[in-house]
Amino acid sequence: SVPFLVRLFPSVLTKFVYLNFLAFPFFVDFRQPELLVNNTINLQLTTEPGVTVGIWHTVPGSRGAEAQGKEQRWYEEALADAHPVIIYLHGNGGTR
């Protein structure tokens, strides 16, 4: 019966392969990363019209004391300085 259901409802297979409907750890608000990770803020990046990607910007521990209590503008300016940026892509099945 499983192959028959998958044939009728292909979106079900996608949900169980990628499990993108699960958010682990449970009951965590990923829009507030500062509650989970120090020196981190949530940003929204518009990649094309109608597509917005949520990202976290975490400054390194060496700038942690400087980042304490700063607003989003400070983090945006920190991205524009001469320090390298490391982009971590978690894959299509995970969450931030």
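Residues numbered from 1 in each chain as written. Predicted model: local features only at pLDDT ≥ 70, side-chain atom pairs only at ≥ 80, totals over all residues. Heavy atoms only, no water.

Per an unreviewed UniProt entry, the chain goes by the name ABD12 lipase and belongs to Edolisoma coerulescens.

*Asks:* Help me understand the overall build of the chain in this model?
*Replies:* Assigned secondary structure in the chain consists of 4 helices and 2 strands. Listing every helix and strand of the chain by position from the N terminus yields α-α-β-β-α-α. Within the chain, buried positions represent 16% of all 96 residues. The contacts in the chain between residues at least 6 apart in sequence include a share of 29% that link residues at least 24 apart. (Helix = DSSP H or I, 4+ residues; strand = E, 2+ residues; numbered from the N terminus. Buried < 20%, exposed > 50% of the residue type's maximum accessible area, 1.4 Å probe, protein only. Contact = heavy atoms within 4.5 Å.)

*Asks:* What's the story with the environment of Gly 54 in this structure? I'm lost.
*Replies:* One can find Gly 54 in strand β2 (residues 51-58). Of the residues examined, Gly 54 reaches a relative accessible area of 22% and is grouped as partly exposed. The sequence separation of Gly 54 and Asn 42 amounts to 12 residues, and the corresponding C-alpha distance is 7.0 Å.

*Asks:* Sorry, what's going on with a nonpolar patch on the surface here?
*Replies:* A cluster of nonpolar side chains, namely Phe 4, Leu 5, Leu 8, Phe 9, Val 12, Phe 16, Leu 19, Phe 21, Leu 22, Phe 26 and Phe 27, defines an oily patch on the protein surface of about 1200 Å² accessible area. Those elements that provide at least two residues to the nonpolar patch are α1 (2-8) and α2 (10-18). Here the nonpolar patch gets 3 residues from one element, more than from any other, and that element is α1. For Leu 8, the position within the fold is in helix α1. (Patch = residues over 30% accessible without salt bridge, like charges linked within 9 Å, V, L, I, M, F, W, Y side chains within 5 Å. Areas by Shrake-Rupley, 256 points an atom, 1.4 Å probe, with all protein chains shown as cover. Salt bridge = Lys/Arg side-chain N within 4 Å of Asp/Glu carboxyl O.)

*Asks:* So what exactly am I meant to see when it comes to helix α4 (residues 72-79) here?
*Replies:* Two residues of an α-helix separated by three or four positions point the same way, owing to the 3.6 residues in each turn. Buried within α4 are the following residues: Trp 74, Tyr 75 and Ala 78. Burial along α4 is one-sided: seen end-on, the buried residues are contained in an arc of 100°. For α4, the elements touching its buried residues are β1 (40-48), β2 and α3 (64-67). (Arc of directions from axis to C-beta.)

*Asks:* Even after reading the chapter, I still don't get the pattern of salt bridges, so can you show me in this structure?
*Replies:* Where charged atoms from two side chains of opposite charge approach closely, those side chains can pair. Evaluation of the coordinates by the stated rule reveals 3 salt bridges. One salt bridge connects Arg 63 with Glu 66, and the closest N-O pair in it is separated by 3.4 Å. Between Glu 77 and Arg 73 there is a salt bridge, with the nearest N and O atoms lying 3.5 Å from each other. Of this pair, Glu 77 and Arg 73 both sit in helix α4, 4 residues apart, which is roughly one turn of that helix. Classification of Glu 77 as partly exposed rests on a relative accessible area of 45%. Among the residues examined, Arg 73 registers a relative accessible area of 59% and is labelled exposed. Each of Arg 63, Glu 66 and Asp 81 takes part in salt bridges that share partners, so that together they form one network.

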